[in-house]
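Each chain, letter by letter, is given below.
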Amino acid sequence: MNKTLILAEKPSQAMDLARGLGHFERRDGYLENSKYIITWAYGHLLEVDTEKIAGGFRNYPVFPEKFRYRMIKGGSKQFRIIKDLLKKVDTVVEAGDPGREGELISRLILEHANFRGKILRFWVSEALTPEVVKKGFSTLRDGAEFDSLYQSALARQHADWLVGINLSRAFTLTVNNREVWSIGRVQTPVLSMLVKREKEIREFRPEEYYIVEAYFNRGYRGKLITAREKGNEVNKEDDRAFRLKKEEAEKIAKEVSGQKGIITEVKRKRVREKPPLLHSLTSLQREANEIYGFKAQETLNIAQSLYEKKLITYPRTESQYLGETEDTKRLASRVLESLGKDSLIPRVWKVGKRVFDSSKLTDHHAIIPMPTTPDKLREKEDKVYRLIRRRFIGAFMDDYLYESITVITKVKNHFFFTRGKSNLFLGWRELYPGAKEDNLPFLREGARVVVENARAIQKFTQPPPRYTESSILKAMEKAHTFVNDENLKKVLRENSGIGTPATRAGIIETLIRRGYVARKRKKLIPTKKGFYLAGKVQEKEIASPEMTAFWEQKLEDIRERKNTYFSFIAEIKEFTEKAIRELKRER
């Protein structure tokens, strides 16, 4: 048989490829025409066989000479189909996701099926429209170009296994309380973040302070600025510039009541606010949690369902951009047309890199609607679809324009600060309710005013808020903010933090399922068990995002052929042994 076998990562991807490569007949587990056979995995078909290589629970450290694999539950039939097809061909096109994990899925299948023929790579990050598929198949790359990417992926998988299995066993046997404990490169830093925040809240002691608010006869009010330095901007959201002791506040309020003042400064500034970026999975999960209270895993499941119905593009993405090819722009135009937004189509060719920027693509582009009219959706599906649709439409609308007004009023030797806001042009804000105005009467510098009333208002300092699913997802994505080393900070920033869009929801659910964290409405609160584990590992590398940054740096070196799989795994074994010794000392 001189046909070429195409190995997709999932059935939906296989169907997209088929639409771009001609007419295919459907078979059991594959598609076929006169030139190609297209078959597929279901994501990972193979997983590390812990039982075979790790032995009994009390065995550690476990450093297998060779990692053995087994089929995932329900994956055996499809693997046999792929293996039988591989025996009939000389050439395979890997068409999995263009990234580390996509490479790992395909290569493990080819390796365990003992395929020894020619490997080519289909590599595109855009939506798999027929045009994109055709173009991608006209520029297939030699699979050998991606050998180092596979080595990097294998190193990541094996390192996670070595650290997770060994430290979990060591900690469980050290605690010796008949409970099984779990430690992992991503879940443990996330637990540490949650515990640290909860400690800050529990140890917080509110402090009383007062502000002075004056009401002026021209129909506006202002807050006393306690320390005004010339040229400094006062942040209305942060009232530290307005705090006073009770006695001083009451004295000033009494002193200025009924007194005349003068407006010394009126600043008007036009502010232009661009539309939000398109949705990544994390931004979609965060918005769905904030607005509807959806769990991160729930949003992922709903988005996956919408994807399977061909209503949105692939959801497990960390990108918020589209590729800047003509094909992608034509797709965006078709989507706008299908949504009844024909008037926005000319803007597709004008918005530039805020929407279309190939340099910011990852394995996939942003989540956008497809040019398919949805049938009646379930309520939650409809809500998530509308969030995606709104972001997409908004991206092509005009900027939101408003006027920000700040006023300084002097009364005796005291200065009062006032801020107002007036909408000039809603633009994309039309799609988002709540573009609030804070209108002020017309005020001009030099105008005389009278303080009709002034009062001292009691306030208390507030603890930091508990993490919600939205805010912990953001913390995972912005993990570089928790790291001091500039090089590691840069690595985390470039790699979108710790975890991946596809795994972050699972990390949250794992922490809850294992009893380390409790979900109370939108809040995530560490349990006694979570506090105990975090307390034991809080000063260790495994609890810090810096470890992930270190790994990512090393894995990138492997991909760039500056380092090897074996060198990295040797370092991981050394780290694991050191961590186990530390745990034993603390027994």
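Residues numbered from 1 in each chain as written. Predicted model: local features only at pLDDT ≥ 70, side-chain atom pairs only at ≥ 80, totals over all residues. Heavy atoms only, no water.

## Re the overall build of the protein chain
Right, on to step 1. Within the protein chain, the secondary structure is distributed over 19 helices and 17 strands.
Right, on to step 2. Considered along the principal axes of its C-alpha atoms, the protein chain spans approximately 95 × 65 × 45 Å.
Right, on to step 3. The 587 residues of the protein chain split such that 53% are buried.
Right, on to step 4. A separation of at least 24 residues holds for 76% of the contacts in the protein chain among residues at least 6 apart in sequence.
Right, on to step 5. Here the protein chain displays about 29100 Å² of accessible surface, and carbon together with sulfur accounts for 46% of that area.
Right, on to step 6. Averaged over its 113 positive side-chain charges, the protein chain has a centre that lies 3 Å from the centre of its 82 negative ones. (Helix = DSSP H or I, 4+ residues; strand = E, 2+ residues; numbered from the N terminus. Buried < 20%, exposed > 50% of the residue type's maximum accessible area, 1.4 Å probe, protein only. Contact = heavy atoms within 4.5 Å. Areas by Shrake-Rupley, 256 points an atom, 1.4 Å probe, with all protein chains shown as cover. Lys, Arg positive; Asp, Glu negative; His and termini not counted. Charge placed at Lys NZ, Arg CZ, Asp CG, Glu CD.)

## Concerning the packing of aromatic side chains
Where two aromatic rings form a pair, the distance of their centres and the angle of their planes describe that pair.
Right, on to step 1. Across all of its chains, the model carries 20 aromatic pairs by this definition.
Right, on to step 2. For the pair F171 and W181, a centre-to-centre distance of 5.3 Å together with 70° between the ring planes defines the contact as edge-to-face. Remark: W181 occurs in the loop between helix 6 (147–175) and helix 7 (187–203) and F171 occurs in helix 6; sequence separation between them is 10 residues. With respect to class, F171 is no different from W181; both count as buried.
Right, on to step 3. The interplanar angle of 25° and the centroid separation of 4.7 Å between the aromatic rings of F216 and Y220 together place this pair among those described as stacked. Like Y220, F216 is buried.
Right, on to step 4. Taken together, F171, W181, Y516 and Y532 form an aromatic cluster joined through their ring pairs.
Right, on to step 5. The cationic tip of K329 hangs over the ring face of F356; the distance from NZ or CZ to the ring centre is 5.5 Å. (Phe/Tyr/Trp six-rings, centres within 6.5 Å; stacked < 30°, edge-to-face > 60°. Lys NZ or Arg CZ within 6 Å of the ring centre and 35° of its normal.)

## Side note on the side chain of T91
Right, on to step 1. Of note, T91 is situated in strand 7 (residues 91–95).
Right, on to step 2. With residues up to four places along the chain from it excluded, the contact list for T91 reads T4, L5, F115, K118 and L120.

## Some thoughts on the sheet that holds strand 10 (residues 208–216)
Right, on to step 1. Strand order around the closed barrel formed by 6 strands is 10-11-14-13-12-15, with antiparallel pairing between neighbours. Each strand axis lies, on average, 35° off the axis of its neighbour in the sheet, ignoring direction.
Right, on to step 2. Of the strand pairs in this sheet, strand 12 (residues 260–273) and strand 13 (residues 400–411) are connected by 12 bridges, and their pairing is antiparallel. Paired with K269 across the bridge in strand 13 is S404.
Right, on to step 3. Set on the sheet, helix 8 (residues 246–256) makes contact with strand 10, strand 11 (220–224), strand 13, strand 14 (414–425) and strand 15 (448–460); between it and strand 15 the angle comes to about 165°. (Pairing = 2+ DSSP bridges. Axes fitted to C-alpha atoms, helices over the stretch in contact; angles between N-to-C directions.)

## So, the sheet that holds strand 1 (residues 4–8)
Right, on to step 1. Spatially, the 7 strands line up as an open sheet ordered 2-3-4-1-7-8-9, and their pairing is mixed. In this open sheet, the two strands that pair with only one neighbour each are strand 2 (25–26) and strand 9 (141–142).
Right, on to step 2. Here 3 bridges tie strand 3 (residues 30–32) to strand 4 (residues 36–40), and the two strands are oriented antiparallel to one another. Bridge pairing links L31 to I38 in strand 4.
Right, on to step 3. Most of the contacts of helix 4 (residues 100–112) go to strand 7, to which it runs at about 150°, and overall it touches strand 1, strand 7 and strand 8 (118–121).

## What to know about helix 8
Right, on to step 1. For helix 8, the complete set of buried residues consists of A249, I252, A253 and V256. Down the axis of helix 8, the sector holding all buried residues measures 100°, keeping them to one side. Within helix 8, the exposed residues directed more than 90 degrees away from the buried face are E247, K251 and K254.
Right, on to step 2. Packed against the buried residues of helix 8 are strand 10, strand 11, strand 13, strand 14 and strand 15. (Arc of directions from axis to C-beta.)

## Examining unusual backbone geometry
Right, on to step 1. Despite not being glycine, K310 has its phi angle at roughly 65°, a positive value.
Right, on to step 2. Among the secondary structure elements, K310 is positioned in the loop between helix 10 (296–308) and helix 11 (326–338).
Right, on to step 3. Even without being glycine, R521 reaches a positive phi, approximately 55°.
Right, on to step 4. By secondary structure assignment, the location of R521 is in the loop between strand 16 (517–520) and strand 17 (523–526).

## Brief notes about the environment of F575
Right, on to step 1. Mapped onto the fold, F575 is located in helix 19 (residues 565–585).
Right, on to step 2. Sequence-distant contacts of F575, defined by excluding residues within four places in its chain, comprise V163, L167, E541, I542 and M547.

## Observations regarding the packing of helix 9 (residues 281–292) against helix 13 (residues 379–395)
The relative placement of two packed helices is expressed as an angle between their axes plus a distance between the axes.
Right, on to step 1. Running from N to C, helix 9 and helix 13 cross one another at 120°; their axes reach a closest spacing of 11 Å. Accordingly, the angle class assigned to the pair helix 9 and helix 13 is oblique. In this structure, the crossing between helix 9 and helix 13 has a hand that is right-handed. Residues S283, L284, E287, A288, I291 and Y292 of helix 9 lie in contact with helix 13, whose contacting residues are K383, V384, L387, I388, R390 and R391.
Right, on to step 2. Residues that form the contact of helix 9 with helix 13 fall into these classes: 7 nonpolar, 1 polar and 4 charged. (Parallel < 35°, antiparallel > 145°, perpendicular 65-115°, else oblique. Left-handed = near helix turned anticlockwise from the far one by under 90°. Nonpolar A, V, L, I, M, F, W, Y, C, P; charged D, E, K, R; others polar.)

## Details of empty space enclosed by the protein
Taking a probe equal in size to a water molecule and rolling it over the atoms shows the remaining empty space.
Right, on to step 1. Scanning the model with the defined rule gives 1 cavity of 30 Å³ or more in all.
Right, on to step 2. Within this model, the largest cavity holds a volume of roughly 40 Å³.
Right, on to step 3. In terms of lining residues, the largest cavity is bounded by P275, P276, L277, L278, R354, V355 and A395.
Right, on to step 4. Looking at the lining of the largest cavity, its residues break down into 6 nonpolar, no polar and 1 charged. (1 Å grid on protein atoms, 1.4 Å probe; cavity = no way out; pocket = protein on both sides within 12 Å on 5 of 7 lines; lining within 4 Å. Points joined across faces, edges and corners; volume = space filled by probe spheres on them.)

## As for the side chain of T39
Right, on to step 1. Considering the arrangement of structural elements, one finds T39 in strand 4.
Right, on to step 2. Take T39: its relative accessible area is 0%, and that puts it in the buried class.
Right, on to step 3. At 3.2 Å, the side chain of T39 and the side chain of Q78 are in polar contact.
Right, on to step 4. Apart from residues no more than four positions distant in its own chain, T39 is found in contact with L5, I6, L7, A8, G29, Y30, Q78, I81, I82 and L85. (Polar contact = N/O pair within 3.5 Å; in protein donor to acceptor, adjacent residues only side chain to side chain.)

## Examining the environment of V348
Right, on to step 1. Relative to the helices and strands, V348 is located in helix 12 (residues 345–348).
Right, on to step 2. Residue V348 is classed as buried on the basis of its relative accessible area, which comes to 0%.
Right, on to step 3. Through-space distance from the C-alpha of V348 to that of Y467 is 37 Å; in sequence the pair is 119 residues apart.
Right, on to step 4. For V348, the residues in contact, after removing those within four places along its chain, are K329, A332, S333, L336, F356 and F396.

## So, the pattern of salt bridges
Right, on to step 1. Per the stated rule, a full pass over the model turns up 50 salt bridges.
Right, on to step 2. Put simply, R70 and E47 hold a salt bridge, and the shortest N to O gap is 3.1 Å. With R70 in strand 6 (residues 69–71) and E47 in strand 5 (residues 46–48), the pair connects residues that are 23 residues apart, well separated along the chain.
Right, on to step 3. Of the residues examined, E47 reaches a relative accessible area of 32% and is grouped as partly exposed.
Right, on to step 4. Where R121 meets E103, a salt bridge forms, and the shortest distance between an N and an O atom there is 2.7 Å. Residue R121 is found in strand 8, and its partner E103 is found in helix 4; the two are separated by 18 residues along the sequence. (Salt bridge = Lys/Arg side-chain N within 4 Å of Asp/Glu carboxyl O.)

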